[in-house]
Amino acid sequence: EIASFAPTLVEQHAEGTSQEELQELLGTPYFELYSKGKDAYLDEEWDRCVWFMEKAVMVHKHVAEHKFRCRQRCFNQSVEPSFNGHSTLQMMRKFMKRAACNDRCEQDRLDGMRWEGVNEIQDEMDARFPYDYMQLCYYKLGDLQKAAGSAYTFLQMNLNHNIMRTNIAFYRQIEAVQQEWFRDREKNDWKHKFMDGMDHYLMNQFEDARDSLEAALELWYEEYEKCRSSCERPNNMVIKKNDLWLSLTDRYVELLLCRRNCIVRMSHIEGRFVEQLLANMFHYLQYVYFQLKDYPNVMRNAATYLIFYPTDPMMTQNVDYFLTLPWASEDMLEVRPKAAAVYEVVELERKLLLDIQQNFGDEYVIDGLQGNAWYQDEPNASPPRPNEEEEEEEEEEEEEIVEEWEEKVEPRVTRDARYGYNMPGVTLVKGPRDLKGPKRMVADGVASEEECKMLSHLAKGGTEGNGYEGDKHVHTEFERFDGLTVLQAAELAKRGRVSVDHAEMYLNLSNKARRYVHGYFHMKHQLFFTYTHLVCRTAEPYSTDDRTDLSHPIHADNCHLLADGSCPKKLPAFTWRDWSAILYLNDGFKGGEFIFAHKNESVQSSVQPKCGRLVGFSAGEENLHGVKAVLKGRRCALAMWYTMDERYNEVEHYQARKLLQNLKKHSTKPSKERPKEEL
Ligand SMILES: O=C(O)CCC(=O)C(=O)O
Ligand SMILES: [Fe+2]
């Protein structure tokens, strides 16, 4: 029995679990181990916490591996010829044989360990939550090496987890902590090979680069299959459809959604989300083979890259160029079969989901199906190419496309469909095409009605006699402009003027918005807050309906727009701002639309503020914008500016979070809290 585990085992912590221990654990499902680990954590029993968490991770891995092997072994089932010509029967016969085979296989290999628990727990395991707990428990035990390793391992799957980033920063500044301790304990072999490949590639060691990248590719396929197979998991939801085919559809949609996520999960490397990782391998290989003068392979890999991005200007130019060379011919443009197969299946599954969405749109929220599943963006500019001269042409091309947006009704490519991002409860309402510019979006549902109310209330806390002086009429004499930063909010909470929960909601919602913008635009790098401001614009009683001024003049957020239309990226502009987002908190005022505008102030597109609506855009002169006069009432919004440059990371967020944590610690029972969790 696990409950009475031998305390001596605790000393051994994680590594090297013996065969006997494994035997002992047989019969204990990993979700039970995991939940015992959680209990131990809450009881502040740190050694039990790590013991159970380590075992949960181990058993989970063991189970996953064997389930995968069983599914592989049972995949192909032959059906008796007598079923020929009865397609449903034939298919069902196949499924039933497969199910029986699987069942037998799992029973043989896994015995009592096969039960998986609820999906939520499996998701938590997949998202490496046990490492989140272990990080703290190891730290409490004084094992900095394992704490740092756990923190690092967790972060690899939770890139936007700021608290863990802060924890890692904390570990790094401890002198005894060594660089090698930040090790991804779950790093798959394909990642190692890929990193090796990149190293060789950068050092112009092309033979080694080829070997590593080809090996990484094979391992990637293997891991990808495992991920997809793990989606064939039990379902604990009550099946609500009473029609057989609807129930089957329901289950299958769930499977497809899980599988789609595999591409995302297979695109994390060293704490980064790498877009189009699979396709990029072919891009690199194309170049490597060119250097090695292995021309058939140059063509194969170029052709393979192009199935993912058929119109990629860089690669089409490369191919055109190759075709002018004596060794090349069209028939060498063969697509690599495994890649073609992966691509084809993903596309078919996307079509199924699209169809489901059209038929049952209300029941399933499936975002981001318009583009292909590879999250195509501008194809990654990083891999160099054989002929280096086209840099400028490429930029011109990009500009042309933007121009087209503005001028024509029917754009050449539906570039607004390139982005796809899922966040529960959030729906995209306008993309680049509606808003008439590539790096623009509007989404609804980022904050609930209740959250909006609380934040608007919080905004008042900042203004009523709390001494935030300054010019109350920042942009126009007809409106009062007042605001509250995250740290000011936390300080108000400290003084008891607002509740800790409200201040915390401010932080959490701003993080949610940041994550959405980051995800929606599929940024390759981390996005930091650089300034966060909860602001209200209130029409003065003497404001009139025939005002011609703006609430916020047309401007760009990171450059200084001059009268001649130029926009130098110099002081006094906030040149380090890369992206902007505004989360609206209310409607019910008069005027106050957000507008994207031309230099001459003519309106390109506009956004009507309302609770939970988020507008996001890149912060440069490509996105001139402003706010129309608020003629009557009060308009509140959470305005955020983000940067890629860590040096401008808004420290207030960190300070505010810490302050609030301390406040909570002293007001509630600390031991039952998970202090490091964010929304
Ligand atoms: O409140 C808004 O809608 C936009 C505000 C804005 O553009 C800014 O503060 O830079
Ligand atoms: Fe702005």
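Cut-offs applied
- Residues numbered from 1 in each chain as written.
- Chains lettered and ligands numbered in written order.
- Predicted model: local features only at pLDDT ≥ 70, side-chain atom pairs only at ≥ 80, totals over all residues.
- Helix = DSSP H or I, 4+ residues; strand = E, 2+ residues; numbered from the N terminus.
- Buried ≥ 20, exposed ≤ 12 C-beta atoms within 10 Å, placed from the backbone.
- Contact = placed C-beta atoms within 7 Å.
- Expected span 1.5 Å × (residues − 1).
- Near = placed C-beta within 6 Å.
- Nonpolar A, V, L, I, M, F, W, Y, C, P; charged D, E, K, R; others polar.
- Pairing = 2+ DSSP bridges.
- Axes fitted to C-alpha atoms, helices over the stretch in contact; angles between N-to-C directions.
- Parallel < 35°, antiparallel > 145°, perpendicular 65-115°, else oblique.
- Left-handed = near helix turned anticlockwise from the far one by under 90°.
- pLDDT = per-residue confidence, 0-100.

1. Some words on the overall build of the chain
So, step 1. Looking only at helices and strands, one finds 21 helices and 15 strands in the chain.
So, step 2. Within the chain, buried positions represent 36% of all 679 residues.
So, step 3. Within the chain, contacts between residues at least 6 apart in sequence are counted, and of these 73% link residues at least 24 apart.

2. Details of helix 13 (residues 295–308)
So, step 1. Look at helix 13: 21 Å from first C-alpha to last across 14 residues, which is about the 20 Å you get at 1.5 Å a residue.
So, step 2. For helix 13, a buried count of 10 out of 14 residues is recorded, marking the element as mostly surrounded by other parts of the structure.
So, step 3. Of all the residues in helix 13, the buried ones are Val298, Met299, Arg300, Asn301, Ala302, Ala303, Thr304, Tyr305, Leu306 and Phe308.
So, step 4. In this fold, the buried residues of helix 13 make contact with helix 12 (277–291), helix 14 (313–323) and helix 15 (337–360).

3. What to know about unusual backbone geometry
So, step 1. With phi around 65 degrees, lysine 436 is a residue other than glycine that occupies positive phi space.
So, step 2. In this fold, lysine 436 is placed in the loop between helix 17 (432–435) and strand 4 (440–444).
So, step 3. Of note, the phi angle at glutamate 601 is positive, near 75 degrees, even though the residue is not glycine.
So, step 4. Secondary-structure assignment places glutamate 601 in the loop between strand 10 (594–597) and strand 11 (603–607).
So, step 5. According to the C-beta neighbour criterion, glutamate 601 is exposed, with 12 such atoms within 10 Å.

4. Observations regarding the site of ligand 1
So, step 1. Lining the immediate surroundings of ligand 1 are His552, Asp557, Ile582, Phe594, His625, Val627, Ala637 and Ala639.
So, step 2. When contributions to the shell around ligand 1 are tallied by element, the ones reaching two or more residues are strand 13 (625–628) and strand 15 (634–643).
So, step 3. Along the lines of polarity and charge, the residues of the shell around ligand 1 split into 5 nonpolar, 2 polar and 1 charged.

5. Digging into the pairing of strand 13
So, step 1. Judged from the 3 bridges that link them, strand 7 (residues 550–555) and strand 13 form a sheet pairing that is antiparallel. Bridge pairing in strand 13 places leucine 550 opposite lysine 628.
So, step 2. Where strand 10 and strand 13 come together, 3 bridges link them in antiparallel fashion. Following the sheet pairing, isoleucine 595 is matched in strand 13 by glycine 626.

6. Some details on the environment of methionine 315
So, step 1. Mapped onto the secondary structure, methionine 315 falls in helix 14.
So, step 2. Through-space distance from the C-alpha of methionine 315 to that of histidine 283 is 8.2 Å; in sequence the pair is 32 residues apart.
So, step 3. Dropping the residues within four chain positions of it, methionine 315 is found in contact with Ala302, Tyr305, Leu306 and Tyr309.

7. Side note on the sheet that holds strand 12 (residues 614–618)
So, step 1. Pairing within the open sheet is antiparallel, and its 7 strands lie in the order 3-4-12-8-15-6-5. Whereas interior strands pair on both sides, the edge strands pair on one side only; in this sheet they are strand 3 (427–430) and strand 5 (479–484). Taking the axes of each pair of neighbouring strands and ignoring which way they run, one obtains an average angle of 25 degrees across the sheet.
So, step 2. Sheet topology note: the strand 6 (residues 528–539)/strand 15 ladder contains 10 bridges and is antiparallel. Residue pairing in the sheet places histidine 533 in a bridge with alanine 639 of strand 15.
So, step 3. Contacts from helix 18 (residues 449–461) reach strand 5, strand 6 and strand 15 within the one sheet, and its direction differs from that of strand 6 by about 80 degrees.

8. A closer look at the sheet that holds strand 10
The strands making up a sheet are joined through hydrogen bonds of the backbone, oriented either antiparallel or parallel.
So, step 1. What the 4 strands build is an open sheet, ordered 7-13-10-11; its pairing is antiparallel. The open sheet has two edge strands with one neighbour each: strand 7 and strand 11. Ignoring which end each strand starts from, the neighbouring axes of this sheet average 25 degrees apart.
So, step 2. Judged from the 4 bridges that link them, strand 10 and strand 11 form a sheet pairing that is antiparallel. When the bridges of strand 11 are listed, phenylalanine 594 appears paired with valine 607.

9. Looking at the packing of helix 9 (residues 189–202) against helix 10 (residues 206–230)
So, step 1. Look at helix 9 against helix 10: their axes get within 8 Å of each other, and the N-to-C directions meet at 155 degrees. For the element pair helix 9 / helix 10, the angle class is roughly antiparallel. Read as a crossing pair, helix 9 and helix 10 show a hand that is left-handed. Contacts from Asp189, Trp190, Lys193, Phe194, Asp196, Gly197, His200 and Tyr201 of helix 9 reach helix 10 at Asp208, Ala209, Ser212, Leu213, Ala215, Ala216, Leu219, Trp220 and Glu223.
So, step 2. Looking at side-chain class alone, the contact of helix 9 with helix 10 contains 9 nonpolar, 3 polar and 5 charged residues.

10. Some remarks on the environment of methionine 164
So, step 1. On the secondary structure map, methionine 164 appears in helix 8 (residues 162–172).
So, step 2. For the pair methionine 164 and alanine 151, spaced 13 residues apart in sequence, the C-alpha separation works out to 6.5 Å.
So, step 3. Excluding residues within four positions of it along the chain, methionine 164 makes contact with Ala151, Phe154, Leu155 and Asn158.

11. Topic: the environment of asparagine 508
So, step 1. Note that asparagine 508 resides in helix 20 (residues 500–520).
So, step 2. On a C-alpha basis, the gap between asparagine 508 and arginine 657 in space is 9.7 Å, while along the polypeptide they are 149 residues apart.

12. Overview of the packing of helix 13 against helix 14
When two helices pack together, their arrangement is given by the angle between their axes and by how far apart the axes lie.
So, step 1. Running from N to C, helix 13 and helix 14 point in directions that differ by 150 degrees, and their axes come no closer than 10 Å. Considering their axes alone, helix 13 and helix 14 lie roughly antiparallel with respect to each other. The way helix 13 lies across helix 14 gives a crossing that is left-handed. Residues Val298, Met299, Ala302, Tyr305 and Leu306 of helix 13 form the contact with helix 14, whose participating residues are Met315, Asn318, Val319 and Phe322.
So, step 2. Partitioning the contact of helix 13 with helix 14 into residue classes produces 8 nonpolar, 1 polar and no charged.

13. Topic: helix 10
So, step 1. Here helix 10 spans 35 Å end to end across 25 residues, near enough to the 36 Å set by a 1.5 Å rise per residue.
So, step 2. For helix 10, every residue scored as buried is listed here: Ala209, Arg210, Ser212, Leu213, Ala216, Leu217, Trp220, Cys227 and Arg228.
So, step 3. Lining the buried residues of helix 10 we find helix 9, helix 11 (244–265) and helix 12.

14. Focus: the confidence of the model for the chain
So, step 1. The share of residues in the chain with pLDDT of 70 or more is 80%, and the mean pLDDT across the chain is 80.
So, step 2. Within the chain, helix 16 (residues 391–407) has the poorest average pLDDT of any element, 35, and strand 8 (residues 579–584) the best, 98.
So, step 3. Low pLDDT, under 50, characterises residues 1–16; the stretch is placed with 11 contacts to residues that sit more than four places away or in other chains.
So, step 4. The model gives residues 464–470 a pLDDT under 50, and that stretch makes 7 contacts with residues more than four places away or in other chains.
So, step 5. Here the predicted complex carries an ipTM of 0.98, next to a pTM of 0.53.

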